[in-house]
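Here is what each chain is made of, one letter per residue.
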Amino acid sequence: MDKQAPPTASSSCSLLLPEEAKRSQLLPPAPLMAADGKKGGVVVGAVPGHQERETWTRQMDFIMSCVGFAVGLGNVWRFPYLCYKNGGGVFLIPYMLIVFVGGVPIFFLEISLGQFMKAGSINVWNIAPLFKGLGYASMVIVFFCNTYYIMVLAWAFYYLIQSFSTQLPWSTCDHAWNTNSCLDAYSLHHCNNATDNRTHALLANGNLTCADLAHARSPIIEFWENKVLKISSGLDDPGEINWELLLCLMAVWLLIYFCVWKGVKSTGKIVYFTATFPYVVLIILLVRGVTLPGAYDGIMYYVKPDWSKLQEAQVWIDAGTQVFFSYAIGLGALTALGSYNRFNNDCYKDAFLLALINSGTSFFAGFVVFSILGFMAAEQGVDISQVAESGPGLAFIAYPKAVSLMPVAPLWAGLFFFMLLLLGLDSQFVGVEGFVTGILDLFPGKYEHRYKREIAVALCCLLCFVIDLSMVTQGGMYVFQLFDYYSASGMTLLWQAFWECMVVSWVYGADRFMDDIARMIGYRPFPWMKWCWSFITPCVCMGIFLFHLANYKALTYNTTYVYPWWGEVVGWCLALSSMLCIPVSLVYKLFFAKGSFAQRWAHLTTPVWGSHHLEYMAPDVKSPNSPANDDNKVIIFESVM
């Protein structure tokens, strides 16, 4: 028969709030542990003074903020393309499998960790201080993300402004930025089959041949490259600043600032619009899309299963990277959002609900995109594979070209780019919120300033804006691709997710953290989560990571321009700046600690608890908030759970 717990353990539960005292009965009492592993002890350490943490006004604010952050442009412009490319409906098999073994477990881990520790992406790793480099790595990644992601919003805002005209500027070739190779309506398919009257007229007049048509450029490509980007010859040719884009960038950053500067109380209200209205636009675009000729063929091209694709390793890798990217894992922003929850919020149910919304949005957006692409392919008389694209190519070339063929084209263009802007806005300002939260958590409460948050947000936005100046030049697209390909790529996110699982499962303890979650939500999650954190998810992350390394290809633009060697060096520096934070921080802390290796390890992996954990302490221990205690001291204790 087991020994009964010491009185200090059971009495510690008497400090629980009434609601949580009731929930604590679900778990057996456990003795308090000191940092040295002895029962009944406490360790006193110097920790900054505590200020009550802000919380969401309503829990729905948290749900909408997570939806706004995780559901973004990748759901609309990347998932549909990957689905069609990797076997249509068959792609859902590896996708959903990785959702359940990787996406949901880590999504839940980050939210619950933030909620339990009540801290942003850096201080949340006080749960195992030796691995605080994980927090610094996530801060680096989310900073880079905030820096380059805003450019997509600037481009969308520019297109939105250009949509307010009777004729879309990318629909014709009679503009100053167009070249002699521009043709607003042509088709090599018609040329080869001698069915296109316009092509016949051109050939008859001796102006062009079919060979000339092969090198012709559409007006939307010339608008994108010659007007919007004013693209130069390469990374080593930055050229001049595009002042129109610069003004759009300034406008978007100002909008981001005023969404974030007052904290989650204001952000939680704004996301009700920015997170829900894109769904309204998607439904409108779907209704319009399915009524167009060729829509059925486009949708069937999207979902038609090709079972042979399951044998290809690339299909599984694409599924894994898409899940980790679209679920916004490893950026630290989910941890920051979770830290504003009430301590007893049921984050377990929230994680499954948010995963369902995220993946459901991706699949639904595919019907919208491919109904329109099917119409465009039918209009041009080409196969859908020739018009299907992903990323900026879909958002700023393929889709604008499709809407230019519709009646009342400016209306549909305006709706589409307004949706893109909203999808990116909430992802952007939640990313900024996550970064600022991590920074502010580093400052002690005694350094509290009335406008500390406003100043921190302003400095963050200003620093990112200065870096963004390199992306509004004529060579800006090459800089943008460097950031996109290296700084917040699949490799960095997979590396981050791997270490998160390893630290929580094997350093802090998976069972121990499951007990902590049970203390918060009132019941233990299904053991599947623990198994994933401990074994399955780390193996999946490392497997995909190694595959990426083995199949690394040099970065190119439009498959024609190859980046110079020094450009790749800059890119790898961006990637390693976050990835090396973890091992460098670990080695640094171990090297400068005192004692034997075992003593150093034991000391540096002892959790540093926050003041909100004091409700689980023995009542005979004085609270650090007591007037008798120095305000810069706090009790560090082992979890009762």
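Residues numbered from 1 in each chain as written. Predicted model: local features only at pLDDT ≥ 70, side-chain atom pairs only at ≥ 80, totals over all residues. Heavy atoms only, no water.

Caption draft 1: How the structure looks around the overall build of the chain. Within the chain one finds 27 helices and 4 strands. In the chain, once contacts between residues fewer than 6 apart in sequence are set aside, the share between residues at least 24 apart is 83%. Here the chain has roughly 26,700 Å² of accessible surface; of this, 65% comes from carbon and sulfur atoms. (Helix = DSSP H or I, 4+ residues; strand = E, 2+ residues; numbered from the N terminus. Contact = heavy atoms within 4.5 Å. Areas by Shrake-Rupley, 256 points an atom, 1.4 Å probe, with all protein chains shown as cover.)

Caption draft 2: Quick peek at a nonpolar patch on the surface. Together, Trp-506, Phe-526, Trp-531 and Phe-535 make up a nonpolar patch on the protein surface, roughly 500 Å² of accessible area in all. Residue position: Trp-506 is located in helix H23 (residues 490-521). Of the residues examined, Trp-506 reaches a relative accessible area of 49% and is grouped as partly exposed. (Patch = residues over 30% accessible without salt bridge, like charges linked within 9 Å, V, L, I, M, F, W, Y side chains within 5 Å. Salt bridge = Lys/Arg side-chain N within 4 Å of Asp/Glu carboxyl O. Buried < 20%, exposed > 50% of the residue type's maximum accessible area, 1.4 Å probe, protein only.)

Caption draft 3: Highlighting the state of the cysteines. Inspection of every chain in the model, using the stated rule, returns 1 disulfide. At a sulfur-sulfur separation of 1.9 Å, the disulfide partner of Cys-173 is Cys-182. With the S-S bond torsion at -70°, the cross-link from Cys-173 to Cys-182 turns out left-handed. Cys-461 takes part in no disulfide bond, and the closest cysteine sulfur to it belongs to Cys-460, at a distance of 5.3 Å. (Disulfide = S-S within 2.5 Å.)

Caption draft 4: Region of interest: the environment of Ala-388. With respect to the element layout, Ala-388 can be found in the loop between helix H18 (347-380) and helix H19 (392-404). Spatially, the C-alpha atom of Ala-388 lies 9.2 Å from that of Lys-85, the residues being 303 residues apart in sequence.

Caption draft 5: Broad picture of the packing of helix H7 (residues 133-162) against helix H22 (residues 476-487). Here H7 crosses H22 at 135°, and the two axes come no closer than 10 Å. Put simply, H7 runs oblique to H22. H7 and H22 meet at a crossing whose hand is left-handed. Along the contact surface, H7 presents Ile-141, Phe-144, Thr-147, Tyr-148, Met-151, Val-152 and Trp-155, while H22 presents Met-477, Phe-480, Phe-483, Asp-484 and Ser-487. Among the residues forming the contact of H7 with H22, the class breakdown is 9 nonpolar, 2 polar and 1 charged. (Axes fitted to C-alpha atoms, helices over the stretch in contact; angles between N-to-C directions. Parallel < 35°, antiparallel > 145°, perpendicular 65-115°, else oblique. Left-handed = near helix turned anticlockwise from the far one by under 90°. Nonpolar A, V, L, I, M, F, W, Y, C, P; charged D, E, K, R; others polar.)

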